[in-house]
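Overview (structure and organization)
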2 protein chains.
Amino acid sequence: MSELEEPRGGLAHRVPDLGALELLLAVARLGSLGRAARELGITQPAASSRVRSMERQLGVALVDRSPRGSRLTDAGALVTDWARRIVEAAEVFDVGAQALRDRRDSRLRVAASMTIAEYLLPGWLIALRAERPDTAVSLLAGNSTIVAERLLADEADLGFVEGPTVPAGLDAVVIAHDHLIVVTAPGHPWARRRRPLDAAELASTPLILREKGSGTRQVLESALGGLARPLIELSSTTAVKSSALSGAGPAVLSELALGEELSARRLVRIPVDGVRLRRALRAVWPTGHRPAGPARDLLGLTRGGTPAVD
Amino acid sequence: MSELEEPRGGLAHRVPDLGALELLLAVARLGSLGRAARELGITQPAASSRVRSMERQLGVALVDRSPRGSRLTDAGALVTDWARRIVEAAEVFDVGAQALRDRRDSRLRVAASMTIAEYLLPGWLIALRAERPDTAVSLLAGNSTIVAERLLADEADLGFVEGPTVPAGLDAVVIAHDHLIVVTAPGHPWARRRRPLDAAELASTPLILREKGSGTRQVLESALGGLARPLIELSSTTAVKSSALSGAGPAVLSELALGEELSARRLVRIPVDGVRLRRALRAVWPTGHRPAGPARDLLGLTRGGTPAVD
DNA sequence: ATGGGGACATAAGCTGGCGTTATGAGTGAG
DNA sequence: CTCACTCATAACGCCAGCTTATGTCCCCAT
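This write-up is about the structure you can find in this document. In this text the structure is predicted, and so the values were computed from the model without any measurement.

Under the definition given, this model contains 1 cavity of 30 Å³ or more. Volume-wise, the largest cavity comes out at about 30 Å³. If you go around the largest cavity, the residues you meet are Asp17 and Leu18 of chain A together with Pro16, Asp17, Leu18, Leu21 and Ile86 of chain B.

Here we come to the packing of aromatic side chains. Centre-to-centre distance and the angle between the planes together describe a pair of aromatic rings. Residues and elements named next belong to chain A. A full pass over the atoms with the stated rule returns 2 aromatic pairs over all chains. Here the aromatic rings of Trp124 and Phe160 are separated by 5.0 Å at their centres, their planes lie at 45°, and the arrangement is tilted. Taken together, the positions of Trp124 in helix H6 (residues 114-131) and Phe160 in strand S5 (residues 158-162) put the pair 36 residues apart, joining distant regions of the chain. Like Phe160, Trp124 is buried.

Residues and elements named next belong to chain B. Summarising the sheet, strand S7 (residues 207-210) and strand S8 (residues 230-234) pair through 4 bridges and their orientation is parallel. Its bridge partner lying in S8, Ile208 is registered against Ile232. Handedness of the S7-helix H9 (residues 215-224)-S8 crossover: right-handed.

The subject of this paragraph is the pairing of strand S6 (residues 170-184) of chain B. On a regular strand, each side chain points to the face opposite its neighbour's, so the side chains alternate between the two faces of the sheet. Residues and elements named next belong to chain B. The sheet contact formed by S6 and strand S11 (residues 278-286) spans 9 bridges and is antiparallel. Among the inter-strand pairings, Asp178 is bridged to a residue of S11, identified as Arg279. Alignment of S6 against strand S9 (residues 251-254), held across 4 bridges, turns out to be antiparallel. By the bridge assignment for S9, Leu180 is matched with Ser254. Across 3 bridges, S6 lies against strand S10 (residues 268-270) in antiparallel orientation. Across the sheet, Val182 pairs through a bridge with Ile270, a residue of S10.

Residue position: Ala239 of chain B is located in helix H10 (residues 237-245). Considering only alpha carbons, one finds Ala239 of chain B and Val166 of chain B, 73 residues apart in sequence, at a separation of 28 Å.

The next thing to look at is the packing of helix H2 (residues 18-30) of chain A against helix H5 (residues 74-100) of chain A. Residue and element names in this part refer to chain A. The interhelical angle for the contact between H2 and H5, taken along N-to-C directions, is 125°, at an axis separation of 9 Å. If you check the angle between H2 and H5, you find them oblique. Both H2 and H5 take part in a crossing whose hand is left-handed. Contacts between H2 and H5 pair Leu18, Leu21, Glu22, Leu24, Leu25 and Ala28 from the former with Val79, Thr80, Ala83, Arg84, Ile86, Val87 and Ala90 from the latter. The class makeup of the residues in the contact of H2 with H5 is 10 nonpolar, 1 polar and 2 charged.

Conventions adopted
Residues numbered from 1 in each chain as written. Chains lettered and ligands numbered in written order. Predicted model: local features only at pLDDT ≥ 70, side-chain atom pairs only at ≥ 80, totals over all residues. Heavy atoms only, no water. 1 Å grid on protein atoms, 1.4 Å probe; cavity = no way out; pocket = protein on both sides within 12 Å on 5 of 7 lines; lining within 4 Å. Points joined across faces, edges and corners; volume = space filled by probe spheres on them. Phe/Tyr/Trp six-rings, centres within 6.5 Å; stacked < 30°, edge-to-face > 60°. Helix = DSSP H or I, 4+ residues; strand = E, 2+ residues; numbered from the N terminus. Buried < 20%, exposed > 50% of the residue type's maximum accessible area, 1.4 Å probe, protein only. Pairing = 2+ DSSP bridges. Right-handed = clockwise from strand over helix to strand, strands pointing away. Axes fitted to C-alpha atoms, helices over the stretch in contact; angles between N-to-C directions. Parallel < 35°, antiparallel > 145°, perpendicular 65-115°, else oblique. Left-handed = near helix turned anticlockwise from the far one by under 90°. Contact = heavy atoms within 4.5 Å. Nonpolar A, V, L, I, M, F, W, Y, C, P; charged D, E, K, R; others polar.

So, in structure tokens, the structure goes:
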């Protein structure tokens, strides 16, 4: 019948752009199109038209307009919550990308391992920006050696490394532990086990793993005593996750890489007994040069709001 | 010095749009601008220009171009992972919004409680689309009463409800449990406790809660034996989370609402002892009308890839 | 009751971003 | 040496979204 429109495009054609989503969040929060428009620095007609075209695009009424304000419809509330998650991911992107660009005016230069730079640092930077909006941060991502080099050459003010050892010449404090966990797709037999796995089972089962030499692989192998049987070897955490999601087999990866997948049961965590699958995450700085100023502020955030280290 | 550009706009001006992010992911996966362009159904010059303007916008080189392909730079890999999370959130938005619109041609009509519709269903629908791309789904979100009405009026094929009781006239199967958890900002004294909380402590401490009558509030109060002392009462899970993030106090909310906040330690989970803070999530259908066809497919996904119920 | 003010809608015009086609230039393989 | 592949550049067109200017509705205060 009415096969007039078959968008058949990428997501971008079916999902409103970030500006529209921000607008929707503002409308939800402020209860008025006009006020939301003002907050975003656009005019009221622009906001009106934008919300309208968003509704047209989605085929769903999002806001109830009235002569004295606008409130979300039920569907609008649902859509707004999904929108919020996009915007939050965009904030992470933004603060991360902003730190990546080399700025000469950075007041705080951070060097961090990949895992930390990817998963943890943006959150800290968002929190830091909330407290100290004027602190421009620059980020360099690399392995422990790189981080140490930068710090010792005074090209970074604060570093973050993962793994069992602290590079020479640096003082360190453990800020958290990264737990590796075993996951499978929900259909896998392990997902129905009642007893935790033990080391022997884990070592004797082919697993989806990062490549040999990677941080997570090292932790696993040292925990198992040198043995780990790869089912597939992949070069990024993301690839491991995708592979596990597709049901290829059990995977071992950092809990940091799992978000919704666990709570929505798209992946199932398999308990493991008697194997210490974790590694320390440490903040580091040149021996003696205890972090001060912005570095100290950031360090405070990483340690759970306790500003003093000591 | 060079204060030429101060974007000073919303996120939308600093974060590339979804089309650009999808393009970046395709380039990362395929190793070539041209191939990525083809996959997205645009021309190679369009892709080239888009990636270039994204690099200009971010001030970071993302891909190394060579006469025989393009690979991500180190910074590009990081940016791409952040981009992936935006795109994943956009997929959730897309599949959810698509289901919300009333389609006459829906092959599967679902009625679900808010929590399930918001957090769980999109993931299931993405999985369902992967297996049965032709299944058009429509979604109606509402409380248990609404869900039951729709099912009994044959206006929905499958329902999802949360809470201790199964509405009359429906058969049900428990598909999961929603665990309520107690969280605080990392700076809160509870975050440093070593012993789990007990019921008495929980009941005697003012908490950030949903309003009286809400599902999560009911679970908490029945678990505590009727008592719950609100510090603030808020009308959405999201508001509770924001409030907890800002350090207003301990909050009780569904683990489904927490994503990164926990693993990145922006919120800390406080263990609780001797209180059963969970509620069953159930799939429901009219007594006797065992789900078949698409409804059965979806039901299978919710139960961890086991297609057969029974 | 009557005007003022807030909220949203509509209309007309401009602009810029992104797309297209057409072409050029560099590299490696047969 | 030519083909096949990569990416870059140029010239042009379209449309989404912005703006300003106006209209309508409703509530409230005088």
